[in-house]
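One letter stands for each residue in the lines below.
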Amino acid sequence: MVVGGSYIALETAGFLKGVGCDVTMSVRSILLRGFDQGIAEKIGKNMERIGVPILYKHAVQKIEKLEDGQLKVTISNDVDGSVQEVNYDNVFYAIGRTPNTRRLGLEDIGIKIDPTTYKIITNEQDQTNIPHIYALGDCALDRPELTPTAVMV
Amino acid sequence: MAQRLFGGSKELMDYDMVPTTVFSPLEYGCIGFSQEKAYSTFGKENVTIYHAYFRPFEWVLNENQPKDACYIKMVCKKDEDERVIGLHYLGPHAGDIIQVR
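Parameters at a glance
Residues numbered from 1 in each chain as written. Chains lettered and ligands numbered in written order. Predicted model: local features only at pLDDT ≥ 70, side-chain atom pairs only at ≥ 80, totals over all residues. Heavy atoms only, no water. Helix = DSSP H or I, 4+ residues; strand = E, 2+ residues; numbered from the N terminus. Rg over C-alpha atoms; globule rule 2.2 N^0.38 Å. Buried < 20%, exposed > 50% of the residue type's maximum accessible area, 1.4 Å probe, protein only. Contact = heavy atoms within 4.5 Å. Areas by Shrake-Rupley, 256 points an atom, 1.4 Å probe, with all protein chains shown as cover. Salt bridge = Lys/Arg side-chain N within 4 Å of Asp/Glu carboxyl O. Buried area = accessible area lost by both parts, 1.4 Å probe. Polar contact = N/O pair within 3.5 Å; in protein donor to acceptor, adjacent residues only side chain to side chain. Nonpolar A, V, L, I, M, F, W, Y, C, P; charged D, E, K, R; others polar. Phe/Tyr/Trp six-rings, centres within 6.5 Å; stacked < 30°, edge-to-face > 60°. Lys NZ or Arg CZ within 6 Å of the ring centre and 35° of its normal. Pairing = 2+ DSSP bridges. Patch = residues over 30% accessible without salt bridge, like charges linked within 9 Å, V, L, I, M, F, W, Y side chains within 5 Å.

Student: Please clarify how the overall build of chain B should be interpreted in this entry.
Tutor: Secondary structure assignment for chain B yields 3 helices and 5 strands. When its helices and strands are written in sequence order, chain B yields α-β-β-α-β-β-β-α. Taken against the 2.2 N^0.38 rule, which gives 13 Å for 101 residues, the C-alpha radius of gyration of chain B at 17 Å runs more than 25% over that of a compact globule. For chain B, the spread of C-alpha atoms along the three principal axes comes to 55 × 35 × 20 Å. Within chain B, buried positions represent 37% of all 101 residues. Relative to all contacts within chain B whose residues are 6 or more apart in sequence, the contacts with residues 24 or more apart total 49%. Of the roughly 6300 Å² of accessible surface on chain B, a fraction of 53% belongs to carbon and sulfur atoms.

Next comes the structure, spelled out in C-alpha cells:
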C-alpha cells in the first residue's frame with residue numbers, strides 16, 4: 001500500500017506496479033495538490049486502469065505487524081465513516097518531506113527558518129538573513145521542490 | 001548564483017515558468033499556470049483553455065492502449081493576444097517534451 005497523493009506516491013505506486021506488485025493507494029484528499037486538477041483526475045483514472053486501485057478520502061488509522069510479517073492496516077473511509085482492515089506486505093508513506101535543517105546548528109548563528117515548514121527563509125538573491133550565507137533548492141522557502149532549476153541554457 | 005557570486009553577473013534566478021514532470025505511469029509534464037491558478041489569478045473570463053485528447057503515434061498499432069488517456073491542455077491569457085501561460089501534457093515522454101529547450 002502506498003499512502004499519499006503526491007507525485008512521489010504516484011511514481012512509487014507506478015513503478016511497484018510496473019515490477020509486478022499488487023499496489024493500492026490510500027489518498028486522504030486529492031491527487032497532486034497545486035497541479036492542474038483536470039490532469040490529476042486523468043492520472044488517477046489511468047492508475048486505476050492499469051490496476052492500481054485508489055482509496056480516496058481514506059486515512060490509515062493503525063498498522064499492526066502480524067506474526068507472519070504482514071502488516072494489518074486499519075483504514076477508515078472519511079465519507080461514510082466505515083473502517084476496513086486489509087493485510088499488506090509493505091506500507092509506504094509518501095506524505096511530504098521536511099528539510100533536515102534543525103541539526104545543522106543554523107539557529108546558533110541566527111539563520112531564520114520558517115517555523116511551520118522548517119525551510120530556510122531567503123530573499124530573491126537566495127541570501128539568508130545572514131548575507132554571506134545562501135540557501136538553494138528544496139531547503140529554501142517558496143522554491144520549486146524536486147525540480148532541477150540548475151540547467152544552464 | 002555562481003555567476004552572480006564569482007562571474008560578476010547581476011542576473012537573478014528566474015523561478016517563474018520552471019517546467020516539471022510527474023513520472024507517473026502515464027507521464028505528466030507541465031509548465032506555468034494550472035487552469036485553477038489561472039482562473040483565480042486573472043478571472044475565468046480572461047482565460048482561454050484549449051485542450052485535446054490524442055493518441056501518440058507509438059500507440060497507434062497497439063489496440064490495448066486507450067484512445068482517451070493522452071491529453072494536452074493549453075492555458076492562454078485573453079487580453080494578451082492569447083499568450084500561452086500554461087501548458088500541460090499527459091502522455092509518453094512528457095519529461096522530454098516539457099523541458100526548457
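Text resumes after the structure shown.
Student: How should the environment of B:Lys67 be read in this particular structure?
Tutor: All names here are of chain B. Relative to the helices and strands, Lys67 resides in the loop between strand 3 (47-54) and strand 4 (70-77). For the pair Lys67 and Pro56, spaced 11 residues apart in sequence, the C-alpha to C-alpha distance is 9.3 Å. Once you skip the residues sitting within four places of it in the chain, Lys67 turns out to touch Phe54 and Arg55.

Student: How should I be thinking about the pattern of salt bridges in this particular structure?
Tutor: Opposite charge on two side chains lets them pair, provided their charged atoms get close. Counted under the stated rule, the structure contains 15 salt bridges over all chains. Notably, a salt bridge pairs A:Asp36 with B:Lys73, separated by 2.8 Å at the nearest N-O pair. Linking A:Asp36 in the loop between strand 2 (25-27) and helix 2 (37-49) with B:Lys73 in strand 4, this pair reaches from one chain into another. Residue classification places B:Lys73 among the buried positions, given a relative accessible area of 3%.

Student: What exactly am I supposed to notice about the interface of chain A and chain B here?
Tutor: It is common to report an interface's size as the accessible area lost on association of the parts. Counting from both sides, the interface comprises 28 residues of chain A and, opposite them, 32 residues of chain B. Three residues stand out in chain A for area buried against chain B, namely A:Asp36, A:Ile39 and A:Lys42, and they jointly supply 23% of the buried area on that side. Here chain A is connected to chain B by 2 salt bridges. Measuring nitrogen to oxygen at the nearest pair gives 3.5 Å for the salt bridge that ties B:Arg4 to A:Asp126. Counting every contact that joins chain A to chain B gives 7 residue pairs in polar contact (both at pLDDT 80 or more). Residue assignment for the side of chain A that touches chain B shows that the elements contributing at least two residues are helix 1 (7-18) and helix 2 of chain A. With 8 residues, helix 2 of chain A is the largest single contributor of residues to the side of chain A that touches chain B. Across the side of chain A that touches chain B, the residue classes break down as 14 nonpolar, 7 polar and 7 charged.

Student: What should I look at first to understand the packing of aromatic side chains in this one?
Tutor: Aromatic ring pairs are described here by two measures, namely the spacing of the ring centres and the angle between the planes. Under the counting rule described, the total for this entry stands at 5 aromatic pairs over all chains. Judged by centre distance (5.1 Å) and plane angle (55 degrees), the ring pair of B:Phe33 and B:Phe42 falls under tilted. Ring pairing ties together the aromatic residues A:Tyr7, A:Phe35 and B:Tyr28, which thus form one cluster. The ring of B:Tyr71 is capped by A:Lys42, whose NZ or CZ atom sits 4.3 Å from the centre of that ring. Above the plane of the ring of A:Tyr118 lies A:Arg102, whose end atom (NZ or CZ) is 3.6 Å from the centre.

Student: For this particular structure, what's the right way to read the pairing of strand 6 (residues 83-88) of chain A?
Tutor: When a strand is regular, its side chains alternate between the sheet's two faces. All names here are of chain A. The sheet contact formed by strand 5 (residues 71-77) and strand 6 spans 6 bridges and is antiparallel. If you follow Ile75 over to strand 6, its bridge partner there is Gln84. Where strand 5 folds back on strand 6, the antiparallel hairpin that results is connected by 5 residues, among which Gly81 adopts a positive phi of roughly 80 degrees.

Student: Explain a nonpolar patch on the surface to me, please; I cannot follow it from the model alone.
Tutor: Residue and element names in this part refer to chain A. Among the surface-exposed residues, Ile63, Tyr93 and Ile95 lie close enough to one another that they form a single nonpolar patch of about 310 Å² accessible area. Mapped onto the fold, Ile95 is located in the segment after strand 7 (92-93). Taking the relative accessible area as the measure of exposure, Ile95 reaches 61% and is therefore exposed.

Treat this as a map of the structure, not an account of what it does.
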